[in-house]
Amino acid sequence: MRRKLAVAAAAMAVLTLAACGGTTEPEEPATEDVAEGGDAMEGDLVVVGFSQVGAESGWRAANTKSIQDNLTKENGFDLKFSDAQQKQENQIQAIRSYIAQGVDVIAFSPVVESGWDAVLEEAKAAGIPVVLTDRAVDSQDDTLYETFIGSDFVLEGEMAGEWVSENLATEPIKVVELQGTTGSAPAIDRKEGFESATADNPNVEIIASQTGNFTRSEGKTVMEGFLQAHDDIDLVFAHNDDMGLGAIEAIEAAGLVPGEDIKIVTIDAVKDGMQALADGKINYIVECNPLLGPDLVDIINKVMAGDEVEKRIVVKDLAFDQEAAIEALPDRQY
Ligand code: GYE
């Protein structure tokens, strides 16, 4: 499926979101009546059930805010939002309840890639279109959803790996990896991208790799374990900023200097991560843009109007070193 998506992605639209300029603006409210509210007018709103992964990271908080700020009554939506606390069974339950309620559209960010076919078939049988945001599913049947909008996570891992290979691995380095949530698209793809971009550099040796579940606290705990087991770590590659920030705490507690004694490369580029990069505690960050709300508005309006929507919409990401982070920080939206 990922291979299929990667091939397909080449031929598909590349959307540049707010942080990079060129945002797709949300459309005008559906009707004047909606803006005035009132019971009779509620029927004009597009009812959207959104099942969010959880509240595990700064990225997720920014993503949730973007969804909630854009799928508003003023923009013509009645948003039903639920937080799955990083549990697939909670998401399946939420989606089933949206189907039972007969919402107009279901959107969700799947916590893991596999195991979605049954519930997506139920949505299809009920005639409810599904939009995947942020994370992919590994279903073979792409008629089960309208589109998948989100970043190219393999590319993000490759960007991180290329920077490491060119800037740090000019001599042998020992790398520890803090993986995202096991089975999630970003964890699988970022690992794959980093490994493929560093594969032909014999100086890069990954000595340990473990999940920190995309959270700061688990990133810290796993890093403490790595530091106890290895006294020769040169680099942490963390699949998101929050785990990198947790690793900073563990490194400092061990009496070492993050960014110097142990280098750190992460993905996301949320404000806290960018601040640590500006402060020299992180060395490089690949961006993952969480501001999907405006484009989700656009996609849902098209789906409701019966217009054609691309099967894969790729969000474009930048990357930052210390100098670029200092420059970008004052205008950073998330
Ligand atoms: O990188 C991480 C979050 O799915 C892209 O999930 C998202 C990832 C993001 O927890 O911080």
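What comes next concerns the included structure. Here the residue numbers are simple positions, counted from 1 along each chain's written sequence. At least 70 in pLDDT is required for a residue's local features to be given in this predicted model, at least 80 for side-chain atom pairs to be given and counted, and no such filter applies to totals for whole chains, interfaces and linings, which use all residues. Excluding hydrogens and water, the side-chain figures rest on all heavy atoms present in the structure.

**Brief notes about the site of the ligand**
At step 1: Around the ligand sit 13 residues in total, of which E56, D134, R135, R190 and D268 are the nearest.
At step 2: Polar contacts, as used here, are pairs of N or O atoms within 3.5 Å; protein pairs need one atom able to donate a hydrogen and one able to accept it. Residues neighboring in sequence count only if both atoms are side-chain atoms. Contact distances for the ligand include 3.0 Å between an oxygen atom and a side-chain N or O atom of R60.
At step 3: Between the ligand and the protein, one listed contact pairs an oxygen atom with a side-chain N or O atom of N240 at 2.8 Å.
At step 4: Summarising the interface, the protein chains cover 100% of the accessible area of the ligand, which totals 300 Å² for the free molecule.
At step 5: When contributions to the shell around the ligand are tallied by element, the ones reaching two or more residues are α4 (58-70) and α8 (185-198).
At step 6: Here the term charged refers only to Asp, Glu, Lys and Arg, the term nonpolar to Ala, Val, Leu, Ile, Met, Phe, Trp, Tyr, Cys and Pro, and the term polar to all other amino acids, Gly among them. Of the residues that constitute the shell around the ligand, the class distribution is five nonpolar, two polar and six charged. Definition of nearness: a residue and a molecule or strand are near each other if at least one heavy atom of the residue lies within 4 Å of the molecule or strand. In short, Shrake-Rupley with a 1.4 Å probe defines the accessible areas, and a residue's cover is counted only from the protein chains shown. Elements are defined by DSSP. Helices are runs of H or I of four residues or more, strands are runs of E of two residues or more, and each kind is numbered from the N terminus.

**Quick look at the sheet that holds strand β11 (residues 284-287)**
Within a sheet, each strand pairs with its neighbour through backbone hydrogen bonds, oriented either parallel or antiparallel.
At step 1: Here, strands pair whenever DSSP counts at least two bridges between them. The strand order β8-β7-β9-β10-β11-β13 describes an open sheet built from six strands, whose pairing is mixed. On the outer flanks of this sheet lie β8 (204-211) and β13 (319-320), each paired with one strand and no other.
At step 2: Across four bridges, strand β7 (residues 173-179) lies against strand β9 (residues 235-238) in parallel orientation. Each bridged residue has a counterpart across the sheet, and for V175 the counterpart in β9 is L235.
At step 3: Those strands touched by helix α9 (residues 216-229) are β7, β8 and β9, and its axis lies near 150° from that of β7.
At step 4: Note on contacts: a residue pair qualifies if any of its non-hydrogen atoms lie within 4.5 Å across the two residues. An axis is simply a line fitted to the C-alpha atoms; with a helix, the fit covers only the stretch in contact. Between two such axes, the angle follows the N-to-C directions and lies from 0 to 180 degrees. The strands touched by helix α11 (residues 271-278) within the sheet are β11 and β13, with β11 carrying the most contacts at an inclination of about 150°.

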